[in-house]
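Structural overview for review
The residues making up each chain are set out below.
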Amino acid sequence: MKYDLIHVRPLGPVIGAEIHGVDLSKPLGEATFKEIEAALHEYLVIFFRDQTLDPESHMRFAGQFGDLEPPHPFFPKLESHPQISVLENDEARPPETNIWHTDVTWRDKPPLGSVLYGVDIPEIGGDTLWANMYAVYDSLSEQEKERLEGLRAVHSIEVFGASGNYENAKDDGALSEILKQYPPRSHPVVRTHPVTGAKCLFVNATFTQYIEGMERQESDALLGYLCDKVKTPEFQVRFNWTKGAVAVWDNRATQHYAVADYWPNYRRMQRITISGDVPQ
Ligand SMILES: [Fe+2]
């Protein structure tokens, strides 16, 4: 893809690019936005440095990718803009996203992606890694791909209950209320990306519980095998956050892992999530 209005610097051969020459605090023209969107489809996660976003500009930029998700049931949010989740960690709130996952796969329509803004960044540590799930799928043998054809797996929000960080998940009653609102969902193990038409692996170690129609032991073994694939460095990019950096990822074809090595130092990020579609 040729880019005329933005400068794209790939961060590796498989996933990730930094975009330069764009000020996200100002409204973007349609042509510039189209190039950014094309870069997202090409690189799966794109990064901008040294941005100054207020809640309005953050919402405006995220809203160009699609409708915004309603507020997350567990994450704290900005009172003035409840669609902006505040991800804040310090000594009392240790980070918990140092596990590979795709966001919000417990919804019937998991998000298209997210726009994450680095507000307060520790001096060192706290990188985030993303993995290309097309590449993970492509690395499977033909026999493995055949075995996965048509399989579906169940994803659940339940994992938040095990966390001590979220007030509304602390007691069983509140968690079961939220489970009623967001019951476990079944998604294909391999999904076809609605824009690129390419296949990617769509199970993750955080939310995927079991593969339908399979003995639990067999399902655990297969999920363990598949979820381990994402740990291969050749499928990944690692991003070092700086204050004002923005990451946008395609949540349909990636997983991410937020390294927790900065704890107990303080970090604050703000995230807006963009609505997706039913995985096919
Ligand atoms: Fe996440």
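What comes next concerns the included structure. Bear in mind that the values here come from a model prediction, so they are computed numbers and not experimental data.

**Side note on the coordination of the iron ion**
- Taken together, the protein donors to the iron ion comprise His 101 (NE2), Asp 103 (OD) and His 256 (NE2), at separations of 2.1 to 2.2 Å.
- Taken in chain order, the donor set of the iron ion reads H-x1-D-x152-H. Each member of the pair, His 101 as well as Asp 103, is classed as buried.

**Description of the pattern of salt bridges**
- Across all of its chains, the model carries 20 salt bridges by this definition.
- Put simply, Asp 127 and Arg 238 hold a salt bridge, and the shortest N to O gap is 2.8 Å. Remark: Arg 238 occurs in strand E12 (residues 236-239) and Asp 127 occurs in the loop between strand E5 (113-120) and strand E6 (128-132); sequence separation between them is 111 residues.
- A salt bridge links Asp 250 to Arg 252, with the shortest nitrogen-to-oxygen separation between them at 3.0 Å. When sorted by exposure, Asp 250 lands in the same class as Arg 252, which is buried.
- Put simply, Glu 88, Asp 90, Arg 93 and Arg 268 are held in one network by salt bridges that share partners.

**Describing the environment of Ser 275**
- With respect to the helices, strands and loops of the structure, Ser 275 is situated in the segment after strand E15 (267-274).
- A residue is classified by how much of its surface remains accessible, and Ser 275, at 26% relative accessible area, is partly exposed.
- As a C-alpha pair, Ser 275 and Gly 63 span 212 residues in sequence and 9.7 Å in three-dimensional space.
- Each residue touching Ser 275, except ones within four places of it in the same chain, is listed here: Asp 67, Leu 68, Glu 69, Pro 111 and Leu 112.

**Describing empty space enclosed by the protein**
- Applying the stated criterion to the full structure yields one cavity of 30 Å³ or more.
- The computed volume of the largest cavity comes to approximately 90 Å³.
- Taken together, Glu 69, Pro 70, Pro 71, His 72, Pro 82, Gln 83, Ser 85, Val 104, Trp 106, Arg 107, Arg 271 and Thr 273 form the lining of the largest cavity.
- By residue class, the composition of the lining of the largest cavity is five nonpolar, four polar and three charged.

**Examining the sheet that holds strand E3 (residues 45-48)**
- The sheet built from seven strands is open, its strands ordered E1-E2-E3-E13-E5-E15-E4 with mixed pairing. Since the sheet does not close on itself, it has two edges, and those belong to strand E1 (7-10) and strand E4 (84-89), each with one partner. The mean angle between the axes of side-by-side strands here comes to 25°, regardless of whether they run parallel or antiparallel.
- In this sheet, E15 lies alongside E5 in antiparallel orientation, the contact comprising seven bridges. Looking at E15, one finds that Val 115 is bridged to Ile 272.
- Across the sheet, helix H1 (residues 30-43) touches E1, strand E2 (17-20), E3 and strand E13 (246-250), and the angle it forms with E3 is around 130°.
- Lying over the sheet, helix H2 (residues 55-63) contacts E3, E4, E5, E13 and E15, oriented at roughly 40° with respect to E15.

What counts as what
- Residues numbered from 1 in each chain as written.
- Predicted model: local features only at pLDDT ≥ 70, side-chain atom pairs only at ≥ 80, totals over all residues.
- Heavy atoms only, no water.
- Donors = N, O, S within 2.8 Å, 3.2 Å for Na, K, Ca; no water.
- Buried < 20%, exposed > 50% of the residue type's maximum accessible area, 1.4 Å probe, protein only.
- Salt bridge = Lys/Arg side-chain N within 4 Å of Asp/Glu carboxyl O.
- Helix = DSSP H or I, 4+ residues; strand = E, 2+ residues; numbered from the N terminus.
- Contact = heavy atoms within 4.5 Å.
- 1 Å grid on protein atoms, 1.4 Å probe; cavity = no way out; pocket = protein on both sides within 12 Å on 5 of 7 lines; lining within 4 Å.
- Points joined across faces, edges and corners; volume = space filled by probe spheres on them.
- Nonpolar A, V, L, I, M, F, W, Y, C, P; charged D, E, K, R; others polar.
- Pairing = 2+ DSSP bridges.
- Axes fitted to C-alpha atoms, helices over the stretch in contact; angles between N-to-C directions.

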